[in-house]
Amino acid sequence: MESNFYAMISRMKYIERWSLMRNSRPENVSEHTLEVSILAHALAVIGNKRLKKNLNGERAALIALFHDSTEIITGDMPTPIKYYNGNMQTAFKEIEDEAAKRLLQMLPEDLKEEYETLFFQKEEEVYLWKLVKAADKLSALIKCIQEEKAGNTEFASAKESIAKALEELDVEEVNIFMEEFLPSYYRNLDELTGDTEEGPR
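First things first, this report covers the structure right here in the doc. Values in this document were obtained by computation on a predicted structure and should not be read as measured data. (Residues numbered from 1 in each chain as written. Predicted model: local features only at pLDDT ≥ 70, side-chain atom pairs only at ≥ 80, totals over all residues. Heavy atoms only, no water.)

### Some remarks on unusual backbone geometry
Piece 1. One non-glycine residue, W18, lies in the positive phi region at around 55°.
Piece 2. Relative to the helices and strands, W18 resides in the loop between α1 (5-9) and α2 (29-51).
Piece 3. Its identity as a non-glycine residue notwithstanding, K52 has a phi of 60°, on the positive side.
Piece 4. The topology assignment puts K52 in the loop between α2 and α3 (57-65). (Helix = DSSP H or I, 4+ residues; strand = E, 2+ residues; numbered from the N terminus.)

### Here we look at the side chain of N28
Piece 1. If you trace the backbone, N28 turns up in the loop between α1 and α2.
Piece 2. A polar side-chain atom of N28 sits 2.8 Å from the main-chain amide nitrogen of E31. (Polar contact = N/O pair within 3.5 Å; in protein donor to acceptor, adjacent residues only side chain to side chain.)

### Considerations on the pattern of salt bridges
Piece 1. All chains considered together, the criterion is met by 12 salt bridges.
Piece 2. Between R50 and E180 there is a salt bridge, and its shortest N-O distance comes to 2.8 Å. Remark: E180 occurs in helix α10 (residues 172-180) and R50 occurs in helix α2; sequence separation between them is 130 residues.
Piece 3. K93 is paired through a salt bridge with D97; the nearest N and O atoms lie 2.8 Å apart. Here K93 pairs with D97, and both are found in helix α6 (residues 86-104), just 4 residues apart, close to one helical turn.
Piece 4. The class for D97 is partly exposed, based on a relative accessible area of 22%. (Salt bridge = Lys/Arg side-chain N within 4 Å of Asp/Glu carboxyl O. Buried < 20%, exposed > 50% of the residue type's maximum accessible area, 1.4 Å probe, protein only.)

### Things to note about the nonpolar core
Piece 1. Among the nonpolar cores identified, the biggest contains 49 residues, and F5, L43, Y115, F119 and I162 are the most heavily contacted of them.
Piece 2. Per-element accounting of this core gives the leading share, 12 residues, to helix α8 (residues 126-149).
Piece 3. Among residues more than four places away in sequence, those in contact with F119 are F5, F66, S69, T70, A100, L103, L104 and W129. (Core = buried A, V, L, I, M, F, W, Y, C linked by side-chain atoms within 4.5 Å. Contact = heavy atoms within 4.5 Å.)

### Structural notes on the environment of F92
Piece 1. With respect to the secondary-structure elements, F92 resides in helix α6.
Piece 2. Between the C-alpha atoms of F92 and I72, which are 20 residues apart in sequence, the distance is 14 Å.

### Let's talk about α2
Piece 1. For α2, which comprises 23 residues, the first-to-last C-alpha distance of 31 Å matches the rise-based estimate of 33 Å (1.5 Å per residue) to within 8%.
Piece 2. Looking at α2, one finds that the buried residues are V29, H32, T33, V36, S37, L39, A40, L43, A44, I46 and G47.
Piece 3. On its buried face, α2 sits against α3, α4 (71-74), α8 and α10.
Piece 4. Its side-chain oxygen at 3.0 Å from the backbone nitrogen of S30, N28 defines the N-terminal cap of α2.
Piece 5. Positive backbone phi, approximately 60°, marks K52, located one or two places after α2. (Expected span 1.5 Å × (residues − 1).)

### A few points about the packing of α2 against α10
Piece 1. Where α2 meets α10, the axes come as close as 9 Å, and the angle between the chain directions of the two elements is 100°. Classified by the interaxial angle, the pair formed by α2 and α10 is roughly perpendicular. Of α10, the residues touching α2 (which contributes L39, L43, I46, G47, R50 and L51) are E172, E173, V174, I176, F177 and E180. (Axes fitted to C-alpha atoms, helices over the stretch in contact; angles between N-to-C directions. Parallel < 35°, antiparallel > 145°, perpendicular 65-115°, else oblique.)

### Focus: the layout of surface pockets
Piece 1. By volume, the second largest pocket is sized at about 200 Å³.
Piece 2. When residues of the lining of the second largest pocket are traced back to their parent elements, those giving at least two are α2 and α8.
Piece 3. Among the elements that take part in the lining of the second largest pocket, α8 stands out by supplying 4 residues, more than any other.
Piece 4. Taken together, the residues that form the lining of the second largest pocket break down as 2 nonpolar, 2 polar and 6 charged. (1 Å grid on protein atoms, 1.4 Å probe; cavity = no way out; pocket = protein on both sides within 12 Å on 5 of 7 lines; lining within 4 Å. Points joined across faces, edges and corners; volume = space filled by probe spheres on them. Nonpolar A, V, L, I, M, F, W, Y, C, P; charged D, E, K, R; others polar.)

### Considering the packing of α8 against helix α9 (residues 156-169)
Piece 1. Viewed as axis vectors pointing N to C, α8 and α9 meet at an angle of 155°, and their least axial separation amounts to 9 Å. It follows that α8 is roughly antiparallel to α9 by the angle criterion. Considering only the axes of α8 and α9, their crossing is left-handed. Listed contacts from α9 to K130, K133, A134, K137, L138, A140, L141, C144, I145 and E148 of α8 are A158, K159, I162, A165, L166 and L169. (Left-handed = near helix turned anticlockwise from the far one by under 90°.)

Printed below as a string of structure tokens:
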């Protein structure tokens, strides 16, 4: 029997983010998902190496890969609408849950169990999901930094609110990442590679 699940998941690349904002470079959900997965894994590694925790970085990256997959069905809801008030947040959470169930129904029964915990949080993985949420916010902050570097002032307010949201999450791994790794996102390619010699390439 044919299944549509993986074909649907591949359509994340068609969902544009930041739809209410003027972008110097458009970003789709597939690109965002890759970055969030890298960041979620990084936060888990930081937690293990710097804070002596026992976190499953591979699992965090896998959860992150699917964290926005419901937007294939719902679209990317702009933050001012999604978080307008408690009722809106509750309603949208219900919509996301229904979208997740719809995607899961596309899987054969013998595979469904493997994916269910990537859409719905297990009690023992609460902290990993918190890291994924933090990675999601970090990715958004990085987008704001990149737009700012491109001379686009459209993301200035978003940058402030996202930085505040990250602070409120109170995740020690995030604080370490922001202090040690975030400054590099302000650098150009030559500064990142150490190639600062003048002259033709």
